[in-house]
Amino acid sequence: MSRLTQSLAQLFGRSPTKPDPAKFSEAAVRIHEEHRKRKSKAEVLAIHEAREAQAKNTFWRRRRWTVLISVNLFFVASSALHINALEGALTGSRFVGFHMADLNSALQVMLAFKQVLINLLIGTITIALIWWLLGGRTFCAWICPYHLLAEWAEILHLKLRAKGWAMDIKFDRGMRTWLWLIFAALAFISSYTVYETISPTGILSRALIYGPGLALIWVALILLFEIFFSRRAWCRYACPIGLTYGLVGATSPMKVQYHLEGCFHDGACRQVCLVPHALEITKPQRATETHLDIGADCTRCGRCVEVCPTQSLTFEFKGLGQKK
Amino acid sequence: MSIIKISRRKFLKSLAFGSAVVGAAILGIIPAIKGWVRKMRPPGALHEDQFLASCIKCGQCVQVCPVDAIKLADLTDGIGVGTPYIAARDQACDFSCDGLQCVLACPTGALTHEINYAHEAEMAVAKVVAPTRCLAAQGKGFKGFARGPEFDGKLRYNEIDRWNPIPLNEHPYDLESCDLCVRMCPIEIRISMCEAGTPPSGEERQCPPEHAIQMVSTGVSESGYTFLPEILDGCVGCGVCEMICPVDPPVIIMEAYPGSGRIF
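Notes on the structure in this doc start here.

### Things to note about the overall build of chain B
Helices and strands together make up the secondary structure of chain B, namely 7 helices and 10 strands. With respect to the three principal axes, the spread of C-alpha positions in chain B is 90 × 40 × 30 Å. When each of the 264 residues of chain B is scored for burial, the buried share is 47%. Excluding contacts between residues fewer than 6 apart, the proportion of contacts in chain B whose partners are at least 24 apart in sequence is 70%.

### Describing helix α11 (residues 216–228) of chain A
Residues and elements named next belong to chain A. If you check α11, its first and last C-alpha atoms are 18 Å apart, about what 13 residues at 1.5 Å a residue would give, namely 18 Å. Residues Val219, Ile222, Leu223, Glu226 and Ile227 constitute the buried set of α11. Along α11, the residues classed as buried sweep out an arc of 140 degrees about the axis, all on the same side. Those residues of α11 that are exposed and aimed more than 90 degrees away from the buried face are Ile217, Ala220 and Leu224. Contacts made by the buried residues of α11 are with α8 (145–162), α10 (200–210) and α12 (233–238).

### A word on the sheet that holds strand β4 (residues 254–259) of chain A
All names here are of chain A. With antiparallel pairing, 3 strands are arranged side by side in an open sheet as β5-β4-β6. Taken across any chain shown, the strands that pair with only one partner, and hence form the sheet edges, are β5 (291–293) and β6 (313–317). Between one strand axis and the next, the sheet turns through 35 degrees on average, direction left out of account. In this structure, β4 lies alongside β6, joined through 5 bridges in antiparallel fashion. Residue pairing for β6: Tyr258 is matched across the bridge by Leu313.

### Comments concerning the interface of chain A and chain B
Contact residues are listed per partner, giving 48 residues for chain A and 37 residues for chain B. Those elements that provide at least two residues to the side of chain A that touches chain B are β1 (86–89), β2 (92–95), β3 (98–101), α5 (103–113), α6 (118–134), α9 (174–190), α10 and α12 of chain A. The element contributing the most residues to the side of chain A that touches chain B is α9 of chain A, with 6 residues. Here the residues of the side of chain A that touches chain B are counted per class, giving 27 nonpolar, 15 polar and 6 charged.

Definitions and cut-offs
Residues numbered from 1 in each chain as written. Chains lettered and ligands numbered in written order. Predicted model: local features only at pLDDT ≥ 70, side-chain atom pairs only at ≥ 80, totals over all residues. Helix = DSSP H or I, 4+ residues; strand = E, 2+ residues; numbered from the N terminus. Buried ≥ 20, exposed ≤ 12 C-beta atoms within 10 Å, placed from the backbone. Contact = placed C-beta atoms within 7 Å. Expected span 1.5 Å × (residues − 1). Arc of directions from axis to C-beta. Pairing = 2+ DSSP bridges. Axes fitted to C-alpha atoms, helices over the stretch in contact; angles between N-to-C directions. Nonpolar A, V, L, I, M, F, W, Y, C, P; charged D, E, K, R; others polar.

Have a look at this one:
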């Protein structure tokens, strides 16, 4: 299986598997052998210290939250002050006149309506190109207002779980693919944009811009479910928008890249990750190359980049800069 | 516990979660599909079924409306979360933008770009539902603010300010026989402008071909001559007559077009 098909298969819900021993590059084999050597007590202690020191780093999170809040507030300000710079909401908008359409909303409309107006087509292609360039699910982590609320809910969830007051039910990640297919089929068969009724992204974006409504109760319910029963459940197992952007970003030049050499394999990255299966290659004896791109499900949120004590995960834009 | 049992459990849990999500989505749209509630859509709205299929729920129509007539539906409105509607009694569409800005703003064609002028809209059917309550029918005039001093709706008065609609509570009337519904009808206003040789925006094409509403004489009462509004073929259902009617509840109401109620 090529890296791309593997990345797509994982996006659709397949669990990562141990790679075929024959697939390892010589350099990777050498580093893995090096890493397998028993570490001295002092080395282990140093790893722990480095990890603790790095754990509180929120370099990317602060920047990301700033971008996410700014973009959403830009919508709000544009509407409230009538400056017509960014009209509409996240589902469909116009930036100084240029149409933009959320890919999943546009897909729902196209399947339900079975006609595509040129404005919608332009908006869809524009957004597809932008997010292909920026990494696909980058939309989730850097723009989606639900993602921000879910991150706050996650912080609470982890605190409660440490006290034993919350649990983390794991669902099959393939469910998101099924939901994507079901909502696409429902839109096509029923000719209604069924998913839009419950899209927390759309509901929140509109609530911010046009004022809150009772639809927020649905968003609150999902958040409560995540806080008490299942960590980041919506973004991990359900949201079809995430899958759509994941597909767009599968071949994106914007990646988080893993560098095997300095990695301690201590898993700090997987603990903070929304999609830890994408970081399975950071486990000992898993990376087949010395430098590997993280798969399509990665939201480019940068949590792993900022908590990694050895800078073994970095943002890379293909074609820019040198590989380390 | 064997691995198979665990994965079976996980499968059932996932099935329950997934079904809850799909169920919630379907529950959310059934009231809209079944048409349990009917609300006026903005000008140019396609037939309700097609409208629900094509609206992307972005609210760009809301943002461009100069009189803030368009609102987005909430979960409890039962017409599709995030879809636009007009509550004419609170704020009708008076076409004060002239160019049908909401239609131009709509990215998906849910508000069809096939219409360009006020008289081409078909938003609702106006109905005289309470002729006995009509002030003109009782031979009465009207003095004061049409909807009282607290009402915050607004309309455009061409002769005052062509570009900025003004609040109704800044525009008192003193009428011998109440004819507010005819006097303020955007279609009738356009027809008189055209007859005066000054069509809206100087465009002949803005001129409506048919009258929308007229006062019909019904006789004489103790207080004077009596009249009743009659809705004509040129009516587009914009709702201004419902909004301006000083009687509460109003004599004329807009009846929104129904959907087909089909699910598949």
